[in-house]
Amino acid sequence: MPSSAPGAPLIRLDKVTRTIGDGVVTTLVRDIDLEIRGGEFAAIVGPSGSGKSSLLYLLGLLDAPTAGDVLVQGENANHLNEAARAHLRLSLLGFVFQFHFLLPEFTALANVMLPMRALRKLDERAMQERAEGLLASLGLAEHAHKTPDKLSGGQRQRVAIARALANEPMVLLADEPTGNLDTASSEQVLEIFRRLVDETGRAIVMVTHDLDLAARTDRQIRIVDGRIV
Amino acid sequence: MKLVLDIAWTHVRSRLRQTLVGMLGVAMGVGFSIMMAALMVGSQNDFIRQLVDSLPHITIRDERRDPPRQPVEDLYQAVQFSGLRTPVTRPGIKNPYAIIATLESQKLGKVAPSVESRAVIRYAGRDTAASVTGIDPKREAKVSKLPSQIRAGSLSSLYASSNAIILGDRLAAKIGARIGNTITLVAGNGRRMSCTVVAFLHAGVANIDETQAYTLNKTAQILAGQIGLVNAIRIRVGHILDARAIAARIETQTGYKSVSWQEANEDLLSAFEIRNVIMYTVVGAILLVASFGTYNIISTITHEKTRDIAILKSLGFTERTVRRIFLLEAIIIGFAGTIIGWGLGYALSRALGSIEFKSPFVDATHLPIEYDVTHYLIATAVALAASGIAGYLPARKAARVHPVDIIRGAS
């Protein structure tokens, strides 16, 4: 269960701009002010190339802004070194991508245990119990010892969600999590997200180009040409 | 660390064929390095052993290292003399038995007096130059391996007849002398002496066997024309490596030139040092070449695993952790290759050691092999260091992967 001061933003973007390129400069996002609070299920929507994923990567500290500040639990991430930013990602944030990105040589259980083993907060037995519990809660109990190539697309994505939840992150960041899934699997993923928000009070920020999916979230953040509109 | 090891192990195991090739590369490098070191050091030690065993460790001769200081130097600070006549002195060490008693009381080693001279051996119309050394057989047995080198007779045979002589077996063969034959020695002063061959000597070193002859001290003194002459004192020390320091001490005490076996063979030992430098350079080069294989494998793995690296970093793995994963993979390959290399090196050394050969210079019939754990440790250290460096470069590159670049490309 994530802990933070009630109502306080978990992540805050303050006049954030991200540009790339040295000669020809391309602006990915511009002057973004955004707050993500606990218990919030938000969707970032917008046309292709509008900066949805870039915004998500900035929220998740995978990328650093060219200008402006990213504050995680009030701490300015711009002032942190690579290791400290990595630790914040490991302990406070969880990621789910369009492609599952599971390590192919590891079983589903081992993949889910990876973030826990990296954080080293629990002993081996507790980590295994927690990973098995997560997989069971996502309907994957009998697939725990299978490698990703033995799982279907929907199952892989659910394992990726379990891995993202391994360290009980405050915020789950999902980049087109249903982009590669069929309708039934997409529906399953959305139900899991809803349950997580309602039952655990986590914040979920999901990038999607599917307006029907976005409509089922609590908040839609529309972005066009790198600006929130 | 266990997580890093698990991931590294999984990577190297999943690329089994490449990993095996890399391990074999390192194993070959380590194996051949060990074999080469065993052979080089073996032959060097064998040569030194024969040399040191054949001769006394220290020889005190009736010579001074520096010319005696002239009184005029003290009076006028003269820098040059011409027409200087030095007084003629009797050859030989003064009071040799007093010096021997002193050295024995200091327990520096076993001590034996000897008379060294050069002579021409004349037999059956042939003249051959030889080194004739007068010895005291009882004492000589304590300072050299001479008794064990005597063939067809014994060292005590020198007492069996008057003017008895022991010849190096190659020397005897050269002049055609046999046991019981009488040969003629002609000293540098023109003195002649008839001697009876009582035994042969076989040191196993061609230079000694071809030129050396031994008589009793008394016989050598008569040949030199000076009764009581002792122009060399031979010493055998407990630890051969102490010989240089002991020789220096004796020289300070007696004033006579005291030469250790190291000083006598300085040029040979420095040649061995150069040989060692060459050997370790070649060993390093072999292992460096092997490390290119490791570099290639780790580079391939990091290239294939770029997406995994990106996801590990997005999960919260630090650059340091990612670097350690791939560095550890290189070390695993290097270490496994080293273990195989130990076996290979030992097997190659055994195989080489079993090869028979005949050398005109030394007596050995098999290649001398030195089995020394240091060779294994040096090869291991160099192999692991080379593997580490080979792995570090791709590991550093892997650690710098920007996850966003990869995730965007893969989505």
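None of these values were measured; they are calculated from a predicted model. Starting afresh in each chain, residues are numbered from 1 along the sequence in its written order. Numbering of ligands from 1 and lettering of chains from A proceed in the order in which they are written. It should be noted that, the model being predicted, local features are given only for residues of pLDDT at least 70 and side-chain atom pairs only at 80 or more, the latter also being counted only at that level, while totals for whole chains, interfaces and linings use all residues.

1. Here's the deal with the overall build of chain A
- For helices the rule is a DSSP run of H or I covering at least 4 residues; for strands it is a run of E covering at least 2, with both sets numbered from the N terminus onward. If you tally the helices and strands in chain A, you get seven helices and ten strands.
- We call two residues in contact whenever the C-beta atoms placed from their backbones are within 7 Å. Within chain A, contacts between residues at least 6 apart in sequence are counted, and of these 72% link residues at least 24 apart.

2. A few points about the interface of chain B and chain A
- If you look at the interface, chain B gives 19 residues, while chain A gives 24 residues.
- Charged means Asp, Glu, Lys or Arg here, nonpolar means Ala, Val, Leu, Ile, Met, Phe, Trp, Tyr, Cys or Pro, and polar covers whatever is left, Gly included. Taken together, the residues of the side of chain B that touches chain A break down into eight nonpolar, six polar and five charged.

3. Some remarks on the sheet that holds strand β8 (residues 203–207) of chain A
Residue and element names in this part refer to chain A.
- Two strands form a pair only when DSSP identifies at least two bridges running between them. If you trace the six strands from one edge of the open sheet to the other, you get β6-β7-β8-β3-β9-β10, paired in mixed fashion. Where the open sheet ends on each side, the last strands, each with one partner, are β6 (93–96) and β10 (227–228).
- In this sheet, β10 lies alongside strand β9 (residues 219–224) in antiparallel orientation, the contact comprising two bridges. Paired with I223 across the two strands is I228, which belongs to β10.
- For helices, the axis comes from a line fit to the C-alpha atoms of the stretch in contact; other axes are also lines fit to C-alpha atoms, and the angle between any two N-to-C directions lies between 0 and 180 degrees. In this fold helix α1 (residues 52–59) packs onto β3 (41–45), β7 (171–175), β8 and β9, with an angle of close to 150° to the strand it touches most, β8.

4. A look at the nonpolar core
- In terms of nonpolar packing, the biggest core is built from 128 residues, with V112, L135, V171, I204 and V205 of chain A touching the most fellow members.
- If sequence neighbours within four positions are ignored, V171 of chain A has contacts with L10, I11, I36, L92, L93, R202, A203 and V205 of chain A.
- We define a nonpolar core as a collection of buried residues of the types Ala, Val, Leu, Ile, Met, Phe, Trp, Tyr and Cys that are connected via C-beta atoms lying within 7 Å of each other. Three exposure classes are used, all based on how many other C-beta atoms lie within 10 Å of a residue's own C-beta (placed from the backbone): buried at 20 or more, exposed at 12 or fewer, and partly exposed between those limits. In this structure, I135, L201, A203 and I250 of chain B belong to the second largest nonpolar core, which totals 57 residues.

5. Notes on the confidence of the model for chain A
- Each residue gets a pLDDT score, which is the predictor's confidence in that residue and runs from 0 to 100. Per-residue pLDDT for chain A has a mean of 89; in total, 97% of the residues score no lower than 70.
- Averaged pLDDT values over the elements of chain A bottom out at 86 in helix α6 (residues 183–200) of chain A and peak at 94 in β3 of chain A.

6. Quick word on unusual backbone geometry
- The backbone of E176 of chain A shows a phi angle near 45°, a positive value even though the residue is not glycine.
- Its identity as a non-glycine residue notwithstanding, A124 of chain B has a phi of 50°, on the positive side.
- Classification of A124 of chain B as exposed rests on a count of 9 C-beta atoms within 10 Å.

7. Thoughts on the sheet that holds strand β1 (residues 9–20) of chain A
All names here are of chain A.
- Strand order in the open sheet formed by four strands is β2-β1-β4-β5, with antiparallel pairing between adjacent strands. Where the open sheet ends on each side, the last strands, each with one partner, are β2 (26–37) and β5 (75–76).
- Judged from the eight bridges that link them, β1 and β2 form a sheet pairing that is antiparallel. Bridging across to β2, I11 finds its partner in I36.

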